[in-house]
Each structure stands twice: as structure tokens, then as C-alpha cells.
Amino acid sequence: MDLQKEILERFMGKHKKPTLKFISQKTGIQMTRVFRILNGATMSVPEYEIFYQLVYQNHAYVDDFIELASLCQRSLKASAVAEIADLMKKKLWLVELNKVEN
């Protein structure tokens, strides 16, 4: 998956299918340009950086996940940790499968 497509998917997922107007206001990019980007036009580097910063500006969710995983590892039985690890592996496998199909 190319970087532009990945960052747009993450942005759209983070904001639950936002409108063109919302994206334009959030990014400062003109609505017509947002429309073209969402329909496959190549982003410029500054446009990509705007989307990237909006997606990754708050890394708290990553820190929360790491902290939660660490707590689970310390607190749960080995079999429960193995179940969680299996679920994570399955999710990654599905992501890889989707890459192959696209």
C-alpha cells in the first residue's frame, strides 16, 4: 500500500468518514483539492505532512496500548496472553491478505 493511501485510510478511520468540508477545515486544504486527493490525485509533500500530523499528532493511544499490553503480560496467565497474541497475529494476517487482494 502506498503512503498516501495508507495515511488517508488512517485519517478517514480516525474521523469516521468525515465530509469534504470537515477535512478542508481540519487541514486548511481547499475543498476542491481535498476532493481530488480523495479521488486519487497525488498529494504534494506539504499536503501529506498535514495529514500525517493530524493522524499521528497524538501518540497517546500508542502509549496506552503498550502500557496495557505490558500490564496484561504481568497480570494475566500465560494462556490468556497467548490468546491475545493470537488475536493480534490474526489481525495482522488479515491486513496482509487485504494487501495481496488489492
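Because the structure is predicted, anything quoted here is derived from the model rather than measured. (Residues numbered from 1 in each chain as written. Predicted model: local features only at pLDDT ≥ 70, side-chain atom pairs only at ≥ 80, totals over all residues. Heavy atoms only, no water.)

### Looking at the pattern of salt bridges
This is how it is decided: In the sections that follow, a salt bridge refers to a side-chain nitrogen of Lys or Arg positioned within 4 Å of a carboxyl oxygen of Asp or Glu. Runs of E in the DSSP output that reach at least two residues are strands. Runs of H or I that reach at least four are helices, and both are numbered from the N terminus. Residue burial is assigned from relative accessible area. The probe radius is 1.4 Å, only protein chains are included, and a residue is buried under 20% of its type maximum, exposed over 50%, and partly exposed in between.
This model, assessed by the stated rule, comprises two salt bridges. For Arg 10, the salt bridge identified is with Glu 6, shortest N-O distance 3.4 Å. Of this pair, Arg 10 and Glu 6 both sit in helix H1 (residues 3–14), four residues apart, which is roughly one turn of the helix. Given the relative accessible area of 41%, Arg 10 is considered partly exposed. When the shortest N-O distance is used, the salt bridge between Arg 33 and Glu 47 registers 2.9 Å. Of this pair, Arg 33 sits in helix H3 (residues 31–38) while Glu 47 is found in helix H4 (residues 45–56), placing the two residues 14 residues apart along the sequence. For the pair Arg 33 and Glu 47, one class covers both residues: buried.

### Re the domain arrangement of the protein chain
This is how the line gets drawn: The split of the chain into domains comes from an automatic or database domain assignment.
What the domain assignment lists for the protein chain is domain 1 (2–57) and domain 2 (61–101). The centre of domain 1, based on its C-alpha atoms, is set 28 Å off from the matching centre of domain 2.

### Concerning the packing of helix H2 (residues 20–27) against H3
The description of two helices packed together rests on the angle between their axes and the distance between the axes. Stated formally: Note on method: axes are straight lines fitted to C-alpha atoms, helices fitted across the in-contact stretch only, with angles between N-to-C directions ranging 0 to 180 degrees. Should an angle fall under 35 degrees it is called roughly parallel, over 145 degrees roughly antiparallel, and 65 to 115 degrees roughly perpendicular, with every other angle called oblique. Whether two residues touch is decided by their heavy atoms; if any such pair falls within 4.5 Å, the residues are in contact. Only Asp, Glu, Lys and Arg are considered charged, only Ala, Val, Leu, Ile, Met, Phe, Trp, Tyr, Cys and Pro nonpolar, and every remaining residue, Gly among them, polar.
Two elements in contact, H2 and H3, have axes whose closest approach is 9 Å; the angle formed by their N-to-C orientations is 110°. As judged from the angle between their axes, H2 and H3 are roughly perpendicular. Only Met 31, Val 34, Phe 35 and Leu 38 of H3 make contact with H2, whose side of the interface consists of Leu 20, Lys 21, Ile 23, Ser 24 and Thr 27. Here the contact of H2 with H3 is built from residues that sort into six nonpolar, two polar and one charged.

### Here we look at the packing of aromatic side chains
This is how the line gets drawn: Pairing of aromatic rings covers Phe, Tyr and Trp, the last through its six-membered ring, and needs centres within 6.5 Å; plane angles under 30 degrees mean stacked, over 60 mean edge-to-face, and all others mean tilted.
Under the criterion given, the structure shown has three aromatic pairs. Centre to centre, the rings of Tyr 52 and Tyr 56 are 4.6 Å apart; their planes meet at 45°, and the pair counts as tilted. Here the residue Tyr 52 and the residue Tyr 56 both occupy positions in helix H4, the gap between them amounting to four residues, near one helical turn. Residue Tyr 56 is classed as buried on the basis of its relative accessible area of 17%. Clustering of aromatic rings is evident, with ring pairs tying together Tyr 48, Tyr 52 and Tyr 56.

### Brief notes about the nonpolar core
Where we set the bar: Definition of nonpolar core: a set of buried residues of the types Ala, Val, Leu, Ile, Met, Phe, Trp, Tyr and Cys, connected through side-chain atoms within 4.5 Å.
Listed in full, the 12 residues of the largest apolar core are Ile 7, Leu 8, Phe 11, Ile 23, Ile 29, Val 34, Ile 37, Met 43, Phe 51, Leu 54, Val 55 and Tyr 56. Looking at this core, the elements with two or more residues in it are H1, H3 and H4. Per-element tally for this core: the top contributor is H4, with four residues. Apart from the residues within four sequence positions on either side, Ile 37 is in contact with Gln 4, Leu 8, Met 43 and Glu 47.

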